[in-house]
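# Fold and geometry: a report
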Amino acid sequence: MTFMQVIECRTSRFEEMDRLLDRWVEQTKGKRTATHAVVGTDRSDASHVVEIVEFPSYEEAMRNSRLPETDKVFHELLALCDQMPKFTDLDVVRDERMYADTARRFFETIAAAGPLAPLDGLVAENYHGHDPADDQDTIGMDALRRELGTWRDAFDFRFLIEDQIAQEDRVCSRWILAGVQKGEFLGLPNTGRRIAMTGTTVHRFDAGGKIAEGWWQYDRLGLMGRLGALDALEN
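None of these values were measured; they are calculated from a predicted model.

## Remarks on the overall build of the protein
Broken down by element type, the protein carries seven helices and 10 strands. In terms of overall size, the protein is more extended than a compact globule, its C-alpha atoms giving a radius of gyration of 24 Å where 235 residues would be expected to give roughly 18 Å. Taken along the three principal axes of its C-alpha coordinates, the protein extends 80 × 30 × 30 Å. Taken over 235 residues, the protein has a buried fraction of 40%. For the protein, the proportion of contacts with a sequence separation of at least 24, taken over those separated by at least 6, is 62%. Carbon together with sulfur atoms contributes 50% to the accessible area of the protein, which is approximately 13,700 Å² in total. Separation of charge centres in the protein, based on 29 positive and 42 negative side chains, amounts to 4 Å.

Structure representation (structure tokens):
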């Protein structure tokens, strides 16, 4: 789970503090695991400084805090503060950018070689999938794994994510699926041909940050053409 630490302090020596933070960033390059940091000053009180630091997890934040450079800079920071800084630890429970990362990991996971990895950390148990090419919606984790198995048994493939747009609890991913046929697909024998297919998926996330629903649109006709299913029509 993504973790954030909020650090608030009061100082009349902000420029010195800013230079101290720059030096700390340089000294911990390659060691620090923070993914994003923002420093702001209060519009109504410039001596009120707030720093928000994002980490992949609480454990990574604690590892960062144990660095010798972090301990040293903390004591130097205290000397620049007018009073003891206040620390607030936050577990992030909703983040549109986090949803986009989860959607990307979903595509990476379902295309990975070998047995299909557990999807529990990415997908809700009551997942609901919509695919206009299917007669029925995909309901539940077991049905999703069967649906994915149809594709994974037929192709070795990977996804190239070209665009992602996140808004509230939804992420739209525009992708290209590229790979090689290795088995029968929808009654078509294995051709060994290379394939590429464009598509778009909209994922809806639940309150726990897992994928609860998916709407799939992709160039299935183009794929069938590449597999030779339309050769008779063209002749």
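There is more to say after this.
## Overview of the nonpolar core
Val-123, Phe-155, Phe-159 and Trp-175 are the most contacted members of the largest nonpolar core, which totals 38 residues. Looking at this core, the elements with two or more residues in it are helix 4 (96–111), strand 5 (123–130), helix 5 (141–154), strand 7 (155–167), strand 8 (170–181), strand 9 (194–205), strand 10 (211–218) and helix 6 (220–226). The element contributing the most residues to this core is helix 4, with eight residues.

## Considerations on the pattern of salt bridges
Under the criterion given, the structure shown has 11 salt bridges. Here Glu-213 and Arg-204 are joined by a salt bridge, their closest N and O atoms 2.9 Å apart. A cluster of three or more residues bridged by salt bridges with shared partners is formed by Arg-23, Lys-72 and Glu-76.

## Observations concerning the sheet that holds strand 10
Spatially, 6-5-10-9-8-7 is the arrangement adopted by the six strands of the open sheet, whose pairing is mixed. Every interior strand has two partners, whereas the edge strands, strand 6 (138–139) and strand 7, have only one. Taken together, the two bridges between strand 5 and strand 6 define a ladder with antiparallel strand orientation. Residue pairing in the sheet places His-128 in a bridge with Ile-139 of strand 6.

## Some points on the pairing of strand 2 (residues 36–42)
The pairing of strand 2 with strand 3 (residues 45–55) spans seven bridges and is antiparallel. From the neighbouring strand, Gly-40 faces strand 3, where its bridge partner is Val-50. Remark: two residues form the turn of the hairpin made by strand 2 and strand 3, two consecutive strands paired antiparallel.

## A closer look at the sheet that holds strand 3
Pairing within the open sheet is antiparallel, and its four strands lie in the order 2-3-1-4. The open sheet has two free edges, formed respectively by strand 2 and strand 4 (86–91), since each of these has just one partner strand. Averaged over all neighbouring strand pairs, the angle between strand axes comes to 15 degrees, with direction disregarded.

## A look at the packing of aromatic side chains
By convention here, two paired aromatic rings are described through the distance between centres and the angle between planes. Scanning all chains against the criterion turns up 15 aromatic pairs. Both rings, one in Tyr-99 and one in Phe-205, keep their centres 4.6 Å apart while their planes meet at 5 degrees; by these two values the pair is stacked. Of this pair, Tyr-99 sits in helix 4 while Phe-205 sits in strand 9, placing them 106 residues apart in sequence. For Phe-205, a relative accessible area of 2% translates into the label buried. Aromatic ring contacts, followed pair by pair, group Phe-106, Phe-107, Phe-157, Phe-159, Trp-175 and Trp-216 into a single cluster.

## Describing the side chain of Ser-57
If you trace the backbone, Ser-57 turns up in the loop between strand 3 and helix 2 (58–65). One polar contact links the side chain of Ser-57 to the main-chain amide nitrogen of Glu-60, over a distance of 3.2 Å.

## Observations regarding the pairing of strand 5
Direction of pairing for strand 5 relative to strand 10: parallel, over a ladder of four bridges. Of the residues in strand 10, the one forming a bridge with Gly-129 is Gly-214.

## Here's the deal with the packing of helix 1 (residues 14–27) against helix 3 (residues 68–80)
Packed helices, taken two at a time, are described by the angle their axes make and the gap between the axes. Packing of helix 1 against helix 3 leaves a shortest axis separation of 10 Å and a crossing angle of 180 degrees. In terms of orientation, helix 1 and helix 3 fall into the roughly antiparallel class. From helix 1, Glu-16, Met-17, Leu-20, Arg-23, Trp-24 and Gln-27 reach across to helix 3, where they touch Glu-69, Thr-70, Val-73, Glu-76, Leu-77 and Leu-80. For the contact of helix 1 with helix 3, a count of residues per class yields six nonpolar, two polar and four charged.

Conventions adopted
Residues numbered from 1 in each chain as written. Predicted model: local features only at pLDDT ≥ 70, side-chain atom pairs only at ≥ 80, totals over all residues. Heavy atoms only, no water. Helix = DSSP H or I, 4+ residues; strand = E, 2+ residues; numbered from the N terminus. Rg over C-alpha atoms; globule rule 2.2 N^0.38 Å. Buried < 20%, exposed > 50% of the residue type's maximum accessible area, 1.4 Å probe, protein only. Contact = heavy atoms within 4.5 Å. Areas by Shrake-Rupley, 256 points an atom, 1.4 Å probe, with all protein chains shown as cover. Lys, Arg positive; Asp, Glu negative; His and termini not counted. Charge placed at Lys NZ, Arg CZ, Asp CG, Glu CD. Core = buried A, V, L, I, M, F, W, Y, C linked by side-chain atoms within 4.5 Å. Salt bridge = Lys/Arg side-chain N within 4 Å of Asp/Glu carboxyl O. Pairing = 2+ DSSP bridges. Axes fitted to C-alpha atoms, helices over the stretch in contact; angles between N-to-C directions. Phe/Tyr/Trp six-rings, centres within 6.5 Å; stacked < 30°, edge-to-face > 60°. Polar contact = N/O pair within 3.5 Å; in protein donor to acceptor, adjacent residues only side chain to side chain. Parallel < 35°, antiparallel > 145°, perpendicular 65-115°, else oblique. Nonpolar A, V, L, I, M, F, W, Y, C, P; charged D, E, K, R; others polar.

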